[in-house]
Amino acid sequence: TVKKLRWKPDIVHCQGWISHFLPVYLKKVYHDDPIFTDAKVALSLYNEMLDARLSDNVVEKVVTGGLAAEDVAVLAEPTGINLAKLAIQYADGIVSGTPELDPRLQKAVRQQGLPVLSYVPVNKEGGPYVQAYDLFYDDLLKDKR
């Protein structure tokens, strides 16, 4: 949709395990596409699907275009936690979507040195979370990683 409408996003915000392949594709496959070149990737993390087992041939399935097996090497052990680590590896900033983020995810985020928006409850429209997200997005856009 973004490409068809010629919208150039400043930030692509990925939420949930189903979006965890998107950061690597944006950074590796679409990195030269003028629509996505400057886009920052924000990644919301939740304690979901971490212990799930992915298909044993997931690496073969995702390698395409400018993406090589070494870009997704963490998926040699195809688990949900490693899929989350892959997303973290290619994200520009992390949003904690839960008050108590799994320690394995916390460690992976620390190792990448990414900016983090700690959990902010979404309690009502226009609540304090809106300002927290605005500030976080502004910081991401200033960061020239």
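A quick note: this is a predicted structure, and the numbers were derived from the prediction, not measured.

So, how was this worked out
- Residues numbered from 1 in each chain as written.
- Predicted model: local features only at pLDDT ≥ 70, side-chain atom pairs only at ≥ 80, totals over all residues.
- Heavy atoms only, no water.
- Helix = DSSP H or I, 4+ residues; strand = E, 2+ residues; numbered from the N terminus.
- Buried < 20%, exposed > 50% of the residue type's maximum accessible area, 1.4 Å probe, protein only.

J.: Can you lay out unusual backbone geometry for me, pointing to particular residues and giving the numbers?
T.: The residue R6 is not glycine, and still its phi comes out positive at about 60°. Considering the arrangement of structural elements, one finds R6 in the loop between α1 (2-5) and β1 (11-15). Looking at R6, the relative accessible area reads 71%, which means it is exposed. Although it is not a glycine, M49 sits at a positive phi angle of roughly 60°. Its place among the elements puts M49 in the loop between β2 (40-45) and α3 (58-62). Residue classification places M49 among the partly exposed positions, given a relative accessible area of 38%.

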